Amino acid sequence: MKIHALVIMLAALGLQATAPAAEHGSAGFTLDPITTIAASRDAPRQPGDVGHWLTGNYINSTMYTAPDQSGTTQRYDNFVGPNGLEFSTPFGESNRQFPALGGSQLSTRANSTTNSLGVSWATDVPTDNASASIQWQRFVKVDPHGSLTLSGLATLDRSNPHPLSTHYEFAPDGNYNLATLTLSDEHVYQHAVSLHAWILDDDPTVWGDASQAHAGGPEAFSYSADSFGALSLTLHNDSSVPMFASLEVFAFSAVEAIPEPATVLMMVFGVGLVAWRLRRRGMARLAPLLLAGFATSGLVHAEEHGSASFTLDPIVTLAPTPDAPRVPGSVGTWWTGNTVRSSLSSGHANGDNVRHDLMYPMQNGLDFSPPFGVGARQQPPLPGSVLSTEAHSGPNTLGVSWHTDLPTDSADVEIGWNRAFKLDPYASLTLSGIATLDRSDAHPLSTHYQTDSINDEYYHVATLTLRDEQAYRHEVSLRSTMLNRDPFDYAAGSQGRVASPDDFTYSADSFGVLSLTVHNNSSLPLFAWFEVIALSNPMAAVPEPAAALMMALGIGWVGWRLRPRASPMRAPAA
């Protein structure tokens, strides 16, 4: 091969593997106005109304970024926007973003406005990590023989677009029936917009409400979708009693940092040059050893696994429901039941067998059993593969796990529990237990504690997290949010609370024992809630050392072979 041709090939491969390759992505939904629902339970009904909103808007957004997979400046945020008390037009106002840092365009954003919500991200290089999601939820009561439609335009955009497809699923389970309509890019991990509607058996805002025993079934829903992203999901109440239901919209998008094809080419190129050079020295028998030693890290079969879980110390000082008798030593009462949601996603790098199971509610807030309630979701392995994800909750324990076949497989799984409580004046309540993180490529774990004051409603939030700093989305978090009013007394005004350093205390040790305590330092009852979030993902935050070394070997050997040759020294002319 001519030297100049070899130089050109090297430059092309090296630049493709290492030069900046900015990308961007977004997912959004614009809602068709819902005009046939009264604004609240007490609002006057208009002609043509088929029901009324039971609650205001709930918004939750999650964002993550990590530059060049280094993890040194990674940012994670789980933000709760309107908290159900805002009875404006869907979706309510919220805005959250990680702006680009100096010298970089790596950024994420999640926002909602009247009738629209969405997320977006931008990266600098293929090894950047970025993800963002936003979810809206609102509970509704539909009159007998009434129908309600959730419809609008979903938009998905990214640097490397693929054809989009829609999927509809009906899932009867427990005391609700769930319908999901999703627009997604099947070839990209986590890039979709979903509409959800699920039917409840009773009013979720009335304690001890008698069950309506809705049979539900596939006929309770109808849907439509077209190639332009227009989605429509309709809920039908074909019974003679009111129907209680929840409507949700979920948008998410992520960049998946996987090895570029040129990176793999460069690794192979390095091995080939090493073998060629050793052949000339009669040492070619060493080349297979080099190949085995380096390439197994990223090119051959390499099963991996991971899990994240939390085991709760029983909470025995709260009455199980607002109306339950108080026992000696109790400091308050649970104000709602258990709400547990899980999100599972997995797929092979070639786009085959991509499976999404997004924010599936395993418990819906009506279960007043001990935390965390009982439920499970699973994406079992397909024939000939170990690729799978799982999320589960049970009394005092919840967790997630995943298995993959190859380093280029994608898997992401998350579970979250939350439950509201009412705390007596001058009382304290502790959420504590053992967090466990495990994965094939385990690294040292670290704990983080932070507090935030979001607005007058969520006047103080504390988060305690155990995480693997060198892994993407592999952590367990405890969180508590203090409210300024009773979330179920719409007429109640603000209690006028302000954040104080004395509101929370915490502790953590090297064995994963976490403890977060809420203190009510006033003469008024305190309304708050606890959350536990466990999540895990196989994506490492740094490139495999062997892969980087092999790329360096390839470039180094090419450079050595192409180095200028010195001319023979000649004696000076006499």
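Because the structure is predicted, anything quoted here is derived from the model rather than measured.

Procedures and definitions
- Residues numbered from 1 in each chain as written.
- Predicted model: local features only at pLDDT ≥ 70, side-chain atom pairs only at ≥ 80, totals over all residues.
- Heavy atoms only, no water.
- Helix = DSSP H or I, 4+ residues; strand = E, 2+ residues; numbered from the N terminus.
- Buried < 20%, exposed > 50% of the residue type's maximum accessible area, 1.4 Å probe, protein only.
- Contact = heavy atoms within 4.5 Å.
- Pairing = 2+ DSSP bridges.
- Axes fitted to C-alpha atoms, helices over the stretch in contact; angles between N-to-C directions.
- Salt bridge = Lys/Arg side-chain N within 4 Å of Asp/Glu carboxyl O.
- Polar contact = N/O pair within 3.5 Å; in protein donor to acceptor, adjacent residues only side chain to side chain.
- Core = buried A, V, L, I, M, F, W, Y, C linked by side-chain atoms within 4.5 Å.
- Phe/Tyr/Trp six-rings, centres within 6.5 Å; stacked < 30°, edge-to-face > 60°.
- Patch = residues over 30% accessible without salt bridge, like charges linked within 9 Å, V, L, I, M, F, W, Y side chains within 5 Å.
- Areas by Shrake-Rupley, 256 points an atom, 1.4 Å probe, with all protein chains shown as cover.
- pLDDT = per-residue confidence, 0-100.

1. Structural notes on the overall build of the protein
- When helices and strands are counted, the protein shows 4 helices and 32 strands.
- Within the protein, buried positions represent 53% of all 574 residues.
- Summarising the internal contacts of the protein: among those between residues at least 6 apart in sequence, 68% fall at separations of at least 24.

2. Points about the pairing of strand β14 (residues 221-225)
- Bridging between β14 and strand β15 (residues 230-236) involves 5 bridges; their strand directions are antiparallel. Looking across to β15, one finds that Phe221 is bridged to Leu235.
- In this structure, the hairpin formed by β14 and β15 is closed by a connection of 4 residues, where Gly229 is found at a positive phi of approximately 95°.

3. Section: the sheet that holds strand β24 (residues 397-404)
- Here 7 strands make up an open sheet; going across it, the order is β22-β23-β24-β17-β26-β31-β30 and the pairing antiparallel. At either end of the open sheet lies a strand with only one pairing partner, and these are β22 (375-379) and β30 (504-508). With direction set aside, neighbouring strand axes in the sheet form an average angle of 10°.
- With 5 bridges connecting them, β22 and strand β23 (residues 388-394) associate as antiparallel partners. If you follow Arg377 over to β23, its bridge partner there is Ala391.

4. Describing the sheet that holds strand β7 (residues 107-113)
- Spatial ordering of the open sheet is given by β6-β7-β8-β1-β10-β15-β14, a layout of 7 strands whose pairing is antiparallel. Strands with a single pairing partner mark the edges of an open sheet, and in this sheet they are β6 (94-98) and β14. Adjacent strand axes in the sheet meet at a mean angle of 10°, parallel and antiparallel pairs treated alike.

5. Concerning the pattern of salt bridges
- A complete count under the given rule lists 12 salt bridges for this structure.
- For Glu457, the salt bridge goes to Arg485, with nearest N and O atoms at 3.0 Å. Of the two residues, Glu457 sits in the loop between β27 (445-452) and β28 (458-468) while Arg485 sits in the loop between β29 (475-483) and β30, which places them 28 residues apart along the sequence. The two residues Glu457 and Arg485 agree in class, both being buried.
- Residue Arg467 is joined to Glu475 by a salt bridge in which the shortest nitrogen-to-oxygen separation is 3.2 Å.

6. Quick notes on the side chain of Asn338
- Looking at the secondary structure, you find Asn338 in strand β20 (residues 338-347).
- Relative accessible area serves as the criterion here: at 0%, Asn338 is assigned to the buried category.
- A polar atom in the side chain of Asn338 sits 2.8 Å from the side chain of Trp417.
- A polar side-chain atom of Asn338 sits 3.4 Å from a polar atom in the side chain of Arg419.

7. Concerning unusual backbone geometry
- Of note, the bond from Pro90 into Phe91 is cis; its omega dihedral lies within 30 degrees of zero at 15°.
- Structurally, the position occupied by Phe91 is in the loop between β5 (75-86) and β6.
- In this structure, Phe372 follows Pro371 across a cis peptide bond, with omega equal to 15°.
- Of note, Phe372 is situated in the loop between β21 (355-367) and β22.
- A positive phi angle, close to 70°, is found at Asn115, a residue other than glycine.
- Structurally, Asn115 can be placed in the loop between β7 and β8 (116-123).

8. Looking at the nonpolar core
- Ranked by size, the top nonpolar core spans 42 residues in total, and within it Phe310, Trp417 and Phe421 carry the most contacts.
- Looking at which element gives the most residues to this core, the answer is strand β25 (residues 410-423), with 6 residues.
- Apart from residues lying up to four places away in sequence, Phe310 is in contact with Phe372, Asn396, Thr397, Leu398, Ser432, Gly433, Ile434, Ala435, Val476, Leu478 and Val532.
- Judged by nonpolar contacts, the second largest core, of 40 residues, contains Ile37, Met63, Val142 and Leu195.

9. Remarks on the environment of Phe372
- What makes Phe372 buried here is its relative accessible area of 0%.
- Along the backbone, Phe372 and Val340 are 32 residues apart, and their C-alpha atoms lie at a distance of 7.6 Å.

10. Thoughts on the packing of aromatic side chains
- Evaluation of the coordinates by the stated rule reveals 13 aromatic pairs.
- Seen from their ring centres, Phe139 and Trp198 are 6.2 Å apart, and the 75° between their planes marks the pair as edge-to-face. With Phe139 in strand β9 (residues 129-142) and Trp198 in strand β13 (residues 191-200), this residue pair connects regions lying 59 residues apart in the sequence.
- The class for Phe139 is buried, based on a relative accessible area of 10%.
- The class of Trp198 is buried, set by a relative accessible area of 1%.
- With a centroid separation of 5.9 Å and 50° between ring planes, the pair formed by Phe170 and Phe221 is classed as tilted.

11. Focus on a nonpolar patch on the surface
- Taken together, the side chains of Ile434, Phe511 and Val513 make up a nonpolar region of the molecular surface, amounting to roughly 300 Å² of accessible area.
- Secondary-structure assignment places Ile434 in strand β26 (residues 428-439).

12. Comments concerning the confidence of the model for the protein
- Residues of the protein with pLDDT of at least 70 account for 77%, and the chain-wide mean is 80.
- Within the protein, no element has a lower average pLDDT than helix α2 (residues 261-279), which sits at 38, and none a higher one than strand β31 (residues 513-519), at 98.
- Here residues 1-20 scores under 50 on pLDDT; set against residues more than four positions off or in separate chains, the count is 23 contacts.
- Contacts for the low-pLDDT stretch residues 257-301, under 50 throughout, to residues beyond four places or in other chains number 67 contacts.

13. Some points on the environment of Leu483
- Along the chain, the position of Leu483 falls in strand β29.
- Judged by its relative accessible area of 2%, Leu483 falls in the buried class.
- Setting aside residues up to four positions removed in sequence, Leu483 forms contacts with Asn83, Glu457, Tyr458, Tyr459, Gln495, Arg497, Leu526, Phe527, Ala528 and Trp529.

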